[in-house]
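Residues per chain are reported as follows:
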Amino acid sequence: MKYDYLIVGSGLFGSIFAYEATKRNKKCLVIDKRSHIGGNIYTKEVEGIQVHEYGAHIFHTSNQEVWDYINQFATFNRYTNSPIARYGNEIYNMPFNMNTFNKMWGVITPQEAKAKIEAQIQEAGITEPKNLEEQAISLVGQDIYEKLVKGYTQKQWGKPCTELPPFIIKRLPVRFTYDNNYFNDLYQGIPIGGYTQIIEKMLSGSEVRLNCDFFEHRETLTKEADKIVFTGMIDQYYDYCYGTLEYRSLRFETEVLDMDNYQGNAVVNYNEYEVPYTRIIEHKHFEFGTQPKTVITREYPVTWKAGMEPYYPMNDEKNNTLYQKYLRLAAEENNVIFGGRLGLYQYFDMHHVIAKALECVKKELID
Ligand SMILES: Cc1cc2nc3c(=O)[nH]c(=O)nc-3n(C[C@H](O)[C@H](O)[C@H](O)COP(=O)(O)OP(=O)(O)OC[C@H]3O[C@@H](n4cnc5c(N)ncnc54)[C@H](O)[C@@H]3O)c2cc1C
């Protein structure tokens, strides 16, 4: 059997490519080393609730083409991302906005909130931040830093903020309106019935092999197709010849609870350092569920080691320089296309991945 394309990875990037290629009468073999399709957007039904197995996935975009494209495959609900942050028994709205400032200081007007933040920034007197702590205080002042930035960031990176470089936080969006909507995008929502159905539709014209790691069958698989679309780790593709790219990883702990509503919101961040997880997701609230039970997931940041799930590329100078070396090797390839967050070594939201995949389709299949 000879395929036009071997697509390594059944995540969003690989699946869009497969869909567009099969639409143009190309034969595609899609493989994934996991036991399911969908990559990190995979959702699974538990107790009638769509569980986001790899962390909360909220679709948002301002790109009309991307929005129209994804809407072919699912109907999106009106879910609006409005996470809340818990610090001890205090609850704050995110992103930082007038509701947050009112709770923190009792201020009512934007002028009062601005004056409060400005006074704290002035008091700190930091002109050249030397670390993340100084950077955050110079942007939002001491109170917001202490309760809403410090512990969370320390857990996320596994280091005190005083030992983290300032560039990690370039800006901390502050909103002087009573608006709890996290995203500024034109469109957002959750696909009714979860994300997996989207991928199923995209892959309906392709042959799919699960539990199939490219590197275990590299020689035979490569012979089966004219070209490869590779959405795994680019450094692994080249046998780590220049060294290993680094990532941040996560551990998810999921529990079914015999109650109908655990925390009253889909996403609750835990900002104290003493609480070991960074957030709890209550999945049913993504789809306004009324099931008698509920499913929650605690998310723990984990320092990545080889062999762990590589969730977030670490796009610092050292890793980006290393990636550039792999990119030069990739540019020499005639029959291999690298795509997705691991192939391009970049953190992408779903809308970015769709745009990148459509760009790749245009170049490879249309132009
Ligand atoms: C915790 C978390 C939360 C997120 N939240 C959001 C959000 O709210 N909104 C948003 O827009 N985006 C979010 N994202 C980003 C979103 O998950 C990605 O944009 C998208 O899933 C990337 O798709 P992909 O196809 O590039 O990669 P992936 O989904 O990672 O797919 C790659 C696939 O390749 C497979 N693979 C890798 N190596 C091999 C191999 N050697 N052999 C066979 N198969 C292989 C993997 O098993 C995987 O299935 C989040 C990401 C994470 C990690």
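Shown above is the structure to which this text applies.
Bear in mind the structure is a predicted one, so any value in this text is a computation, not a measurement.

How do you make sense of the sheet that holds strand 9 (residues 207-209) when you look at a structure like this?
Whenever strands of a sheet pair, they do so through backbone hydrogen bonds, lying parallel or antiparallel. Strand order in the open sheet formed by five strands is 9-2-1-10-16, and the pairing between neighbours is parallel. Edge positions in the sheet fall to strand 9 and strand 16 (336-338), since each has one partner strand and no second. Across the sheet, the axes of successive neighbouring strands diverge by a mean angle of 20°, strand direction being ignored. In the sheet, strand 1 (residues 3-8) pairs with strand 2 (residues 28-31) via four bridges, with the strands oriented parallel. Bridging across to strand 2, Ile-7 finds its partner in Val-30.

For this particular structure, what's the right way to read the pattern of salt bridges?
It is possible for side chains bearing opposite charge to pair when their charged atoms get close. Taken as a whole, this structure holds 18 salt bridges when the rule is applied. Among the salt bridges present, the one from Glu-207 reaches Arg-209, with a minimum N-O distance of 3.5 Å. What makes Glu-207 partly exposed here is its relative accessible area of 31%. Among the salt bridges present, the one from Arg-251 reaches Glu-253, with a minimum N-O distance of 3.2 Å. Overall, Arg-251 belongs to the partly exposed group, its relative accessible area being 41%. Looking at Glu-253, the relative accessible area reads 31%, which means it is partly exposed. Linked through salt bridges whose partners overlap, the residues forming this network are Arg-251, Glu-253, Glu-255 and Arg-298.

Is there a simple way to think about the environment of Gln-154 in this case?
Looking at where Gln-154 falls in the secondary structure, it is placed in helix 6 (residues 142-157). Under the relative-accessibility criterion, Gln-154 is labelled buried at 15%. Ignoring sequence-local partners within four residues, the contact set of Gln-154 consists of Lys-159, Pro-160, Cys-161 and Tyr-273.

Quick question: what am I supposed to make of the sheet that holds strand 12 (residues 267-270) here?
The seven strands lie next to each other as 7-6-12-13-14-11-15, forming an open sheet whose pairing is mixed. The open sheet has two edge strands, strand 7 (90-93) and strand 15 (312-313), and neither has a second partner. As paired strands, strand 6 (residues 84-87) and strand 12 are joined by three bridges and run parallel to one another. Bridge pairing in strand 12 places Arg-86 opposite Tyr-270.

What is the right way to read the environment of Pro-129 from this model?
Tracing the backbone through its elements, the reader meets Pro-129 in the loop between helix 4 (110-124) and helix 5 (132-140). Measuring from C-alpha to C-alpha, the distance between Pro-129 and Leu-139 comes to 10.0 Å, with ten residues separating the pair along the chain. The contact partners of Pro-129, leaving out residues within four places of it in the chain, are Glu-134, Gln-135, Ser-138 and Pro-166.

How do you make sense of helix 6 when you look at a structure like this?
Each turn of an α-helix holds 3.6 residues, which means side chains three or four residues apart point in the same direction. Along helix 6, the sharpest change in direction is near 45° and occurs at Val-149. Every buried residue of helix 6 is listed here: Ile-144, Tyr-145, Leu-148, Val-149, Gly-151, Tyr-152, Thr-153, Gln-154 and Lys-155.

I would appreciate a short explanation of the packing of aromatic side chains in the present structure.
Think of a pair of aromatic rings as described by two things: how far the centres are apart, and how the planes are tilted against each other in angle. Applying the stated criterion across every chain, the model contains 30 aromatic pairs. When the ring of Phe-101 is compared with that of Phe-176, the centres are 5.7 Å apart and the planes differ by 35°; the resulting orientation is tilted. You can see Phe-101 sitting in helix 3 (residues 98-105) and its partner Phe-176 sitting in the loop between helix 6 and strand 8 (187-189), a full 75 residues away along the chain. On the basis of relative accessible area, Phe-176 is assigned to the partly exposed category, the value being 25%. Geometrically, the ring pair formed by Phe-230 and Phe-338 is edge-to-face, given 5.8 Å between the ring centres and 70° between the ring planes.

Calculation rules
- Residues numbered from 1 in each chain as written.
- Predicted model: local features only at pLDDT ≥ 70, side-chain atom pairs only at ≥ 80, totals over all residues.
- Heavy atoms only, no water.
- Pairing = 2+ DSSP bridges.
- Helix = DSSP H or I, 4+ residues; strand = E, 2+ residues; numbered from the N terminus.
- Axes fitted to C-alpha atoms, helices over the stretch in contact; angles between N-to-C directions.
- Salt bridge = Lys/Arg side-chain N within 4 Å of Asp/Glu carboxyl O.
- Buried < 20%, exposed > 50% of the residue type's maximum accessible area, 1.4 Å probe, protein only.
- Contact = heavy atoms within 4.5 Å.
- Bend = angle between axes of the 7 residues up to and from the residue.
- Phe/Tyr/Trp six-rings, centres within 6.5 Å; stacked < 30°, edge-to-face > 60°.

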